Amino acid sequence: MFRRLKAYLDSIHARDPAPRSRAEILLYPGVWAVFYHRIAHRLYKGRWFFLARAVNHWSRWMTAIDIHPGATIGRNFFIDHGFVVIGETAEIGDDVTIYQCVTLGGTSPDNGVAGKRHPTLLNGVIIGSGAQVLGPVTVGERSRIGANAVVTRDVPEGAVMVGIPARSTLVEAATWQKDFVPYGTPCSELFDPATQKLEIMRCEMETLRKRLDAMIEAGEKGSGKPSGRERRDRA
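What counts as what
- Residues numbered from 1 in each chain as written.
- Predicted model: local features only at pLDDT ≥ 70, side-chain atom pairs only at ≥ 80, totals over all residues.
- Heavy atoms only, no water.
- Helix = DSSP H or I, 4+ residues; strand = E, 2+ residues; numbered from the N terminus.
- Buried < 20%, exposed > 50% of the residue type's maximum accessible area, 1.4 Å probe, protein only.
- Contact = heavy atoms within 4.5 Å.
- Areas by Shrake-Rupley, 256 points an atom, 1.4 Å probe, with all protein chains shown as cover.
- Pairing = 2+ DSSP bridges.
- pLDDT = per-residue confidence, 0-100.
- Phe/Tyr/Trp six-rings, centres within 6.5 Å; stacked < 30°, edge-to-face > 60°.
- Expected span 1.5 Å × (residues − 1).
- Axes fitted to C-alpha atoms, helices over the stretch in contact; angles between N-to-C directions.
- Parallel < 35°, antiparallel > 145°, perpendicular 65-115°, else oblique.
- Nonpolar A, V, L, I, M, F, W, Y, C, P; charged D, E, K, R; others polar.

## Digging into the overall build of the protein
Counting its secondary structure elements, the protein contains 7 helices and 15 strands. By residue count, 40% of the 235 residues in the protein fall in the buried class. Counting contacts in the protein only where the partners sit at least 6 residues apart, residues at least 24 apart contribute 35% of the total. Total accessible area on the protein is roughly 14,000 Å²; 59% of this is exposed by carbon and sulfur atoms.

## Side note on the sheet that holds strand 11 (residues 138–139)
In space, the 4 strands of this open sheet follow the order 2-5-8-11, with parallel pairing throughout. Of all strands in the sheet, those bounded by a partner on one side alone are strand 2 (72–73) and strand 11. Bridge analysis of strand 8 (residues 120–121) against strand 11 gives 2 bridges, and the strand direction is parallel. Its bridge partner lying in strand 11, T120 is registered against T138.

## Digging into the confidence of the model for the protein
Overall, the predicted model of the protein reaches an average pLDDT of 81, with 74% of residues at or above 70. Of all helices and strands in the protein, the one with the weakest mean pLDDT is helix 5 (residues 173–176) (39), whereas strand 5 (residues 91–92) scores best (98). Counted against residues more than four places away or in other chains, residues 172–180, with its pLDDT under 50, gives 28 contacts. pLDDT under 50 marks residues 184–195. Its contacts with residues more than four places away, or in other chains, come to 17 contacts.

## Overview of the packing of aromatic side chains
Going through the model one piece at a time under the given rule, you end up with 6 aromatic pairs. Between F35 and Y36 the ring centres are 5.6 Å apart and the planes differ by 55°, which places this aromatic pair in the tilted class. When its relative accessible area of 14% is taken as the criterion, Y36 is described as buried. Each ring, one from W58 and one from W61, has its centre 5.4 Å from the other, and the planes form 40°; the classification is tilted.

## Notes on helix 1 (residues 2–15)
Side chains of residues three or four places apart in an α-helix project in the same direction, reflecting 3.6 residues per turn. Compared with an ideal rise of 1.5 Å per residue, which puts 14 residues at 20 Å, helix 1 spans 20 Å between its outermost C-alpha atoms and is within 8% of the ideal. Packing partners of the buried residues in helix 1 comprise helix 2 (22–25), helix 3 (29–45) and strand 3 (78–79).

## Structural notes on the side chain of S143
The residue S143 is located in the loop between strand 11 and strand 12 (144–145) in this model. Those residues in contact with S143, other than ones at most four positions away along the chain, are G124, V125, I126, V155, P156, E157, G158 and A159.

## Brief notes about unusual backbone geometry
Positive phi, close to 60°, is recorded for D95, a residue that is not glycine. Although it is not a glycine, R142 adopts a positive phi angle of roughly 60°. One can find R142 in the loop between strand 11 and strand 12.

## Things to note about the packing of helix 3 against helix 4 (residues 49–63)
Relative placement of two packed helices is described by the angle separating their axes and the distance separating the axes. At a minimum axis distance of 8 Å, the contact between helix 3 and helix 4 shows a crossing angle of 175°. The angle between the axes of helix 3 and helix 4 places the two elements in the roughly antiparallel class. Within the contact between the two elements, helix 3 uses P29, W32, A33, Y36, I39, A40, L43 and Y44 and helix 4 uses F49, L51, A52, V55, N56, W58, S59 and T63. Per-class residue counts for the contact of helix 3 with helix 4 are 13 nonpolar, 3 polar and no charged.

Shown next, in the form of structure tokens:
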């Protein structure tokens, strides 16, 4: 048990340069929230729902982090700071990092039958502060969700979602892995907001160009004329 606790604390220290010792990490509200959740989850699985909720209520009061007793959480889960909400059917893999003011929220079932309605985060996911991941979506392994992003669809493995005013943009990991760093990514990586904005615009222009080419090609096929690609091949 102590070996597992030591490994857990070391995994947090690897993601957070602030603490000077393992004892300091033991004071983190996120560590206590996960500890209380382990107790509440066991009670919940044993159908001691009231006691599970009581532990959850105490944990929320002590840590400002609300994790439903039914949520499934893997190893080395790190919540940096507080004000996080995690819903009942959320599933979290190993080595996941979440920063403050994140919500793993659910959708209301139209038929009145509760089912899987909260997100699934696979191993190694990082979610920046203020992000909202809503509904039964899956966030792929090692994906990054930027600060204030709103996620309502599946995120591929290794991809990055950038939060910008009034919308969120999913971009290719190969494009963003070097330049985009959400809050909480290792400090040795670089982050340039100006480059980020230009890259978003470039990706959007490239997407629009591909759609326009597809529409032109479809129109030329419908009229019986050779497509632009065919004309280039003939030339």
